[in-house]
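Letter by letter, the chains look like this.
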Amino acid sequence: MRYLPKSPADREAMLKAIGARSIDDLFAPIPAEYRLNRDLKVPRQMAESEIVDWFRERSRENGEAYATFLGAGAYYHYRPVIIDSLISRGEFLTAYTPYQAEISQGTLQSIFEFQSMICELTGMEVANASMYDGSTAAAEAAMMACRVTGRHAVAIARSVHPEYREVLATYAHHQGMPLATVPFTDNGRVNLNELDKAITPDTACVLIQSPNFFGTIEDVAAIADIAHKHGAMLVVSIAEAVSLGIVEPPRQADIIAMEAQSFGVPLTFGGPYCGVIATREQYVRQMPGRLVGQTTDRNGKRGFVLTLATREQHIRREKATSNICTNQALIALMANIFMTIYGKVGLRELAKQNLAKAAYAAQQFGKHGKVLFSGAPRFNEFVVQTSEDPYAINGRILQHRIVGGLPLKKFYPELGNAALWCCTEVTTRAAIDTAVRSAAEGERMVKSVKEPADVQEVAR
Amino acid sequence: MKHVTRKATRHVNQNEGLIFEKSSPGKAAWKLPPLDVPEVDTAELLGSSERKDLGNMPEVSEIEIIRHFTRLSTWNYAIDLGMYPLGSCTMKYNPRVNEVVSRLDGLANGHPYQPEKVSQGALRILQTLSECLIEITGMDAITLQPAAGAHGELTGLLLVRAYHQSKGAPRKKILIPDSAHGTNPATAAMVGYAVENLKSNAQGMVDVAALASQMNEEVAALMLTNPNTLGIFEQEIHKIADIMHAKGGLLYMDGANMNALVGKVRPGDFGVDLMHLNLHKTFSTPHGGGGPGSGPVAIKKILEPFLPTPVVIAKPDGTLGFEYNRPQSVGRVRAFYGNFGMFVRALAYTLANGPDGLRQTTEDAVLNANYIRKGLEGVYDLPYATPTMHEVVFSDKVQAKKGVKTMDIAKRLIDYGFHPYTTAFPLIVPGALMIEPTESEPKEELDLFIEAMKSIAEEVEEDPQMVLAAPHTTRVSRLDETAAARKPVLRWKPA
């Protein structure tokens, strides 16, 4: 086996040194009746070239080189090549959690820079890179709000990513955390009257997403006023991090739960991504996850360490702020490099291109379907309602090797034939025009003939 | 320094400030293509939601970024540099073909919501890995959704709860041995269970008599790490399982130490009802400085109705798809399907090994640990004489007499060119030195490690002050953690 660095003679010599007759002696503690006396039924050992071929085949079966209009919590942005050059360095890739600070300063300083940049971008005072993804970060933020306020309930907007809401429901279920869902209005934003009614004296926090699942930017200030008036905290989830380049961050929030995937992390069919929690200094001791702090060594030299560990499971066990052990360092490093590349000016220009592409696409789609929620500003996603089932539209688009917008029937049946479309800087005008033509064709077909039966099957 | 190390030599590395300290207006590392759609008026589109300023975000060029992060990287220790004997963490070689295949276009750029018709490659990977892991663990079904080991524990206990609830009541308690990882009790608390401690016996194993007396209809499950954190296989495992099952409880196995079992014995065969795996340990996906992990949960048939949604199914037409309609499911534990990129790597590792390679890997891991144990016996105190598997736990009892603790020995090990072992864990061993070499170490590296540890033991006798002040060769000396926690500085701010 090519990963194993021992010759048969080495193994013999080692067994002899130990005083064992054979390797079986070392497995004697395992009762004989349970030992596996056959080969595992897994594929035979493969050569590297065979492994590469096998996965190339899988890659070809997986929409290789397709353009996409999908967003909805996972965004296709261009990834500058130096991200992979740098994260492929073994010193980053193959290091452990930086408990031993003297030989982990690279990882520690990188996380410190990440924390600093996230603070700059979100307007918060402290941040970490220790959550699995945006969905679990939102759930952990809600739990944190309960610890801070001593209250138990959460009011969550229906315009938050449906899968984030499902995850919160799973986490909340056994913690005595009642959830109230707050509807959205015709402009796609949180219904403020309903929100006001949904908050009780036991509401620990209001949880919203902005830009929300429909791409609409929420009126964060108004929502914050309502939450704070009732003594509840405001948690804002940000799923599309690139929006921070041009959209005012939710500075009125008490906790921001973020998905940093857009910052240079590949889509990879849904993970691994980068969950972030950012908050105010006063709440830092209730934060879950790892934090890096600056300090000095015995000679007064600047250095970095994992800090405030008394919140964590390896010290506090069942009294910890969370069971989390991960610190999503490698993915945070991708995001750190991405933020460094684009920086103060580039991030704004990048976000502006996203805005322009989505604005153009929405305008074009608007000629042949109804663009919903047009009364409020949005970033790079928008919802189009059509006469035809969006699966049928997508079926035609797919023939051009383009994946259409996300049909919303599963999540929001009340919106009918609606789909969520996303444009980023990589979306071409040609792809937009192709998609719009297909939607237009659908409108004509629905008006004249019956829908072809087999297209739906193609697109699902 | 009196003792000279054969493994490491001091060498120059570069100083480097924070990236913010290199920033100046007008430098850039980015270039966007010209817009192929009309420019927009941002004020008109966004109104008061428009952001005007990005604060202190840096402005630097590409070469500066390359040098910045390359310089930082040289300040890290890594498996690629040498042995990383962190007990319980399983720091094994991370094969590079895994990195190549996980970056193939259709996999790296696959969107989680793309139609199933154009997701067959990803679905096949999910299915194939699931089949391999089910076979390796001897279980009946699996969910790949949990994003890390602790997340797997959470998922597992949600399954336990749903199972008992379906029988009438969720029960109240989880039994956890005193040698367990901190995530176990923290997880139990998150799922609304009380934690009851289970004492270990003199051999470092579960005290079966104590278990029998503590087990009752209030206990939902026992969370057991096997081999445990002392590296000891629970020899009475089937009795343990029987005691749990007789009172309707479940046996949960923390699979952190699965590296000691793969291809030799299967938890499903010795009575385990559910367990999580750490793909970043046993299945070689890189730790990357602490994450991402991946923590699939393998289960017996009785728990299948409760699995998180969605699950992968074969459809009548032979293609694969996701099934969402599972009324008894515990729900979702994460958006999308889990850390797919880690599944690709874990599967590539499994394919590179095959059945023979997986078995040899386990044998070598156990061989390496026992070789170290033999080499250091008599030099460091061995609190439990019970045979060990893939890791061995010593204590600093001998050295503590000179005022030198496990952390000091660990820090001195850095000067010898090694990453420290795990210190002060498990909690049942005061002053623990927990050593797990994994299968990835050649005999030469193990010999250097043993030599280094012996040399440090001598230093403790001759010059304890020198050991207490270690490390001496790193770019920073021991850092003031107390000051860091007392007045936390958690971000850079302009002077």
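Caption draft 1: Seen up close, the confidence of the model for chain A. Summing up the model confidence of chain A, the mean pLDDT is 95 and the portion of residues at 70 or higher is 97%. Low pLDDT, under 50, characterises residues 455–459 of chain A; the stretch is placed with 15 contacts to residues that sit more than four places away or in other chains.

Caption draft 2: Quick look at the environment of Trp-421 of chain A. All names here are of chain A. Take Trp-421: it is sitting in strand S15 (residues 418–422). Residue class for Trp-421 comes out buried when judged on the 27 C-beta atoms lying within 10 Å of it. Considering only alpha carbons, one finds Trp-421 and Pro-407, 14 residues apart in sequence, at a separation of 9.0 Å. Sequence-distant contacts of Trp-421, that is, excluding residues within four places in its chain, are made with Phe-69, Ala-361, Glu-381, Phe-382, Val-384 and Gly-405.

Caption draft 3: Here's a closer look at the sheet that holds strand S4 (residues 179–182) of chain A. Residue and element names in this part refer to chain A. Taken in spatial order, the seven strands of this open sheet run S2-S8-S7-S6-S5-S3-S4, and their pairing is mixed. Both outer strands of the open sheet, strand S2 (126–131) and S4, are each paired with one neighbouring strand and no more. If you compare each strand with its neighbour and ignore which way they point, the axes differ by 20° on average. Pairing of strand S3 (residues 153–157) with strand S5 (residues 203–209), which is carried by four bridges, proceeds in the parallel orientation. For Val-154, the partnering residue across the bridge sits in S5 and is Cys-205. Of the strands in this sheet, S5 and strand S6 (233–238) touch helix H10 (residues 220–229), which is tilted by about 150° from S6.

Caption draft 4: The domain arrangement of chain A, seen in detail. Residue and element names in this part refer to chain A. What the domain assignment reports for chain A is domain 1 (67–76 + 344–459) and domain 2 (82–339). The interface is formed by 26 residues belonging to domain 1 together with 26 residues belonging to domain 2. For the side of domain 1 that touches domain 2, the secondary structure elements donating two or more residues are helix H12 (329–366) and strand S12 (381–385). Examining the composition of the side of domain 1 that touches domain 2, we find that seven residues originate from one element, H12, more than from any other.

Caption draft 5: Region of the structure containing the pairing of S12 of chain A. All names here are of chain A. Among the five residues in S12, four count as buried, and that is most of the element. One ladder, built from two bridges, connects strand S11 (residues 370–371) with S12; its direction is antiparallel. The residue of S12 that forms the bridge with Lys-370 is Gln-385. With five bridges joining them, S12 and S15 adopt antiparallel strand pairing. Bridging across to S15, Glu-381 finds its partner in Cys-422.

Caption draft 6: Spotlight on the packing of helix H6 (residues 105–122) of chain A against H12 of chain A. Residue and element names in this part refer to chain A. Running from N to C, H6 and H12 cross one another at 60°; their axes reach a closest spacing of 9 Å. Classed by the angle they form, the pair H6 and H12 counts as oblique. Viewed along their axes, H6 and H12 form a crossing whose handedness is left-handed. Every residue of H12 that contacts H6 at Thr-107, Ser-110, Ile-111, Glu-113, Phe-114 and Met-117 is listed here: Ala-329, Ala-332, Leu-333, Ala-335, Asn-336 and Met-339. Residues that form the contact of H6 with H12 fall into these classes: eight nonpolar, three polar and one charged.

Caption draft 7: Up close: unusual backbone geometry. Residue Ser-210 of chain A is joined to Pro-211 of chain A through a cis peptide bond whose omega torsion reads -10°. Its location among the elements puts Pro-211 of chain A in the loop between S5 and H10. Following Asn-226 of chain B, the chain continues to Pro-227 of chain B via a peptide bond in cis, the omega torsion being -5°. Among the secondary structure elements, Pro-227 of chain B is positioned in the loop between strand S4 (219–225) and helix H9 (237–246). In the Ramachandran plot, Ala-72 of chain A falls in the positive-phi region, its phi being about 55° despite a non-glycine side chain. When you line up the elements, Ala-72 of chain A lands in the loop between strand S1 (67–68) and helix H4 (82–87). You can call Ala-72 of chain A buried: it has 25 C-beta atoms within 10 Å. You will see that Ala-424 of chain B, though not glycine, has its phi angle at about 55°, which is positive. Positionally, Ala-424 of chain B belongs in the loop between strand S11 (422–423) and strand S12 (432–435).

Caption draft 8: Structural view of the interface of chain B and chain A. Counting from both sides, the interface comprises 171 residues of chain B and, opposite them, 165 residues of chain A. Here the element with the most residues in the side of chain B that touches chain A is helix H10 (residues 340–376) of chain B; it accounts for 23 residues. Tallied by class, residues from the side of chain B that touches chain A come to 92 nonpolar, 47 polar and 32 charged.

What counts as what
- Residues numbered from 1 in each chain as written.
- Chains lettered and ligands numbered in written order.
- Predicted model: local features only at pLDDT ≥ 70, side-chain atom pairs only at ≥ 80, totals over all residues.
- pLDDT = per-residue confidence, 0-100.
- Contact = placed C-beta atoms within 7 Å.
- Helix = DSSP H or I, 4+ residues; strand = E, 2+ residues; numbered from the N terminus.
- Buried ≥ 20, exposed ≤ 12 C-beta atoms within 10 Å, placed from the backbone.
- Pairing = 2+ DSSP bridges.
- Axes fitted to C-alpha atoms, helices over the stretch in contact; angles between N-to-C directions.
- Domains from an automatic or database assignment.
- Parallel < 35°, antiparallel > 145°, perpendicular 65-115°, else oblique.
- Left-handed = near helix turned anticlockwise from the far one by under 90°.
- Nonpolar A, V, L, I, M, F, W, Y, C, P; charged D, E, K, R; others polar.

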